[in-house]
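Here is what each chain is made of, one letter per residue.
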Amino acid sequence: GNRAHVTANPATTQWGYDISINGSSNIWIYGTTVENAWGDGITIDRIWPFPGVMPSDITIIGMLANNNRRNGMSVLNLNNTLDVENSRFKNTNGTSPQAGVDIEPGFFDNFVNDVKFINCDFIGNVQRGFTAETNNTGLLNSVVVTGGSADSNGDEGVFIDGTIGQATISNMIIANNLQCGIYFNQLQDGAGIITGNNVIGNNAGAVEPDCSGGNIYVTQSSGVKISNNIVRKGQNGYFPPYGINLN
């Protein structure tokens, strides 16, 4: 990437990608490093203007996203199927959202469907490790993150907000994040599953009441299934440090 050489005003610009997939289908990316991007290491979106052409059927294996400025990966639109395996998203820093991975159908008529991350790591990002949210405007259907880790991120380890379908976090190690390990908000009734995770020592440095001190925090959601997790309460948080907080 070219972040070291961009002369634009960093306060007003966030675009510039190592890889941009717009409206393409049947894509396979293997063993690729995306680093030092002024914006996102990799971004996935439709072809604009609306309705444009939606991307679909994308497979990414063995990617390293490191030291990108906005996000390691951003997904704004996806018609069907993004499979990411054995990849690492780390050290995102520079301009918000500053996440390892950001699933962000946050504009009118944006839609993301069927996202799976398998044995991936989200490490040392300035804000969230993995985030998927709609901002109450786009649509988000089916997000699965299984295996791998979310460690030492500056906000939540894994944050899911506003899905209209399944949201599953399973078999992960989620530790040492400065706010919640796992945060579920405004999920569809019965859509959330948190199982088989090792969630320890999160909320160690929170300075705002965003997560209410929990390793696992579920709010404004019903029917979330939480099972077979190892959870030890957070420490030194803004609120009393809960292991699991259902609100």
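Residues numbered from 1 in each chain as written. Predicted model: local features only at pLDDT ≥ 70, side-chain atom pairs only at ≥ 80, totals over all residues. Heavy atoms only, no water.

### Some details on unusual backbone geometry
Note the threshold: Note on conventions: DSSP H or I runs of at least 4 residues are helices, E runs of at least 2 residues are strands, and numbering of each starts at the N terminus. For each residue, the accessible area found with a 1.4 Å probe, counting protein chains only, is set against the maximum for its type, and the residue is called buried under 20%, exposed over 50%, and partly exposed in between.
Between Trp48 and the following residue, Pro49, the backbone shows a cis peptide bond with an omega angle of 5 degrees. Inspection of the secondary structure assignment puts Pro49 in the loop between β4 (40-45) and β5 (56-61). Cis peptide bonds are those with omega within 30 degrees of zero, and the linkage from Ser96 to Pro97 qualifies with 15 degrees. Note that Pro97 resides in the loop between β9 (88-90) and β10 (99-103). A positive phi angle, near 55 degrees, is found at Asn171, a position not held by glycine. Examined against the element boundaries, Asn171 turns out to sit in the loop between β15 (167-170) and β16 (173-175). Even without glycine at this site, Gln186 takes up a positive phi of about 55 degrees. Structurally, the position occupied by Gln186 is in the loop between β17 (182-185) and β18 (192-195). The exposure class of Gln186 is partly exposed, given its relative accessible area of 28%.

### Side note on the nonpolar core
Put simply, the rule reads: Here, nonpolar core means buried Ala, Val, Leu, Ile, Met, Phe, Trp, Tyr and Cys residues that are tied together by side-chain atoms lying within 4.5 Å of each other. Whether two residues are in contact is decided by their heavy atoms: any pair within 4.5 Å suffices.
Counting residues in hydrophobic clusters, the biggest one holds 42 residues, and the most contacted among them are Leu82, Phe117 and Phe130. Considering each element in turn, this core owes the most residues, 5 residues, to strand β11 (residues 111-123). Beyond its immediate stretch of four places on either side in the chain, Leu82 contacts Ile44, Ile58, Ile60, Met73, Val75, Asp114, Val115, Lys116 and Phe117.

### Some points on the packing of aromatic side chains
What counts here: Only Phe, Tyr and Trp rings take part, Trp by its six-membered ring, and two of them pair if their centres are within 6.5 Å. Stacked means planes under 30 degrees apart, edge-to-face means over 60, and tilted covers everything else. Sitting over a ring, as applied to charges here, requires NZ of Lys or CZ of Arg to be within 6 Å of the ring centre and within 35 degrees of the ring normal.
Counting across every chain of the model gives 7 aromatic pairs. Relative to Phe122, the ring of Phe89 has its centre 5.8 Å away and its plane inclined at 15 degrees; by these criteria the two rings are stacked. Of this pair, Phe89 sits in strand β9 while Phe122 sits in strand β11, and the two are 33 residues apart along the sequence. Phe122 shares its class with Phe89; the two are buried. Each residue in the set Phe89, Phe117, Phe122 and Phe130 is aromatic and connected to the rest through ring pairs, giving one cluster. Here the guanidinium or amino end of Arg69 rests over the ring plane of Trp38, the centre of that ring lying 3.9 Å away. For Arg128, the ring lying beneath its charged end belongs to Phe159, and the centroid distance is 3.6 Å.

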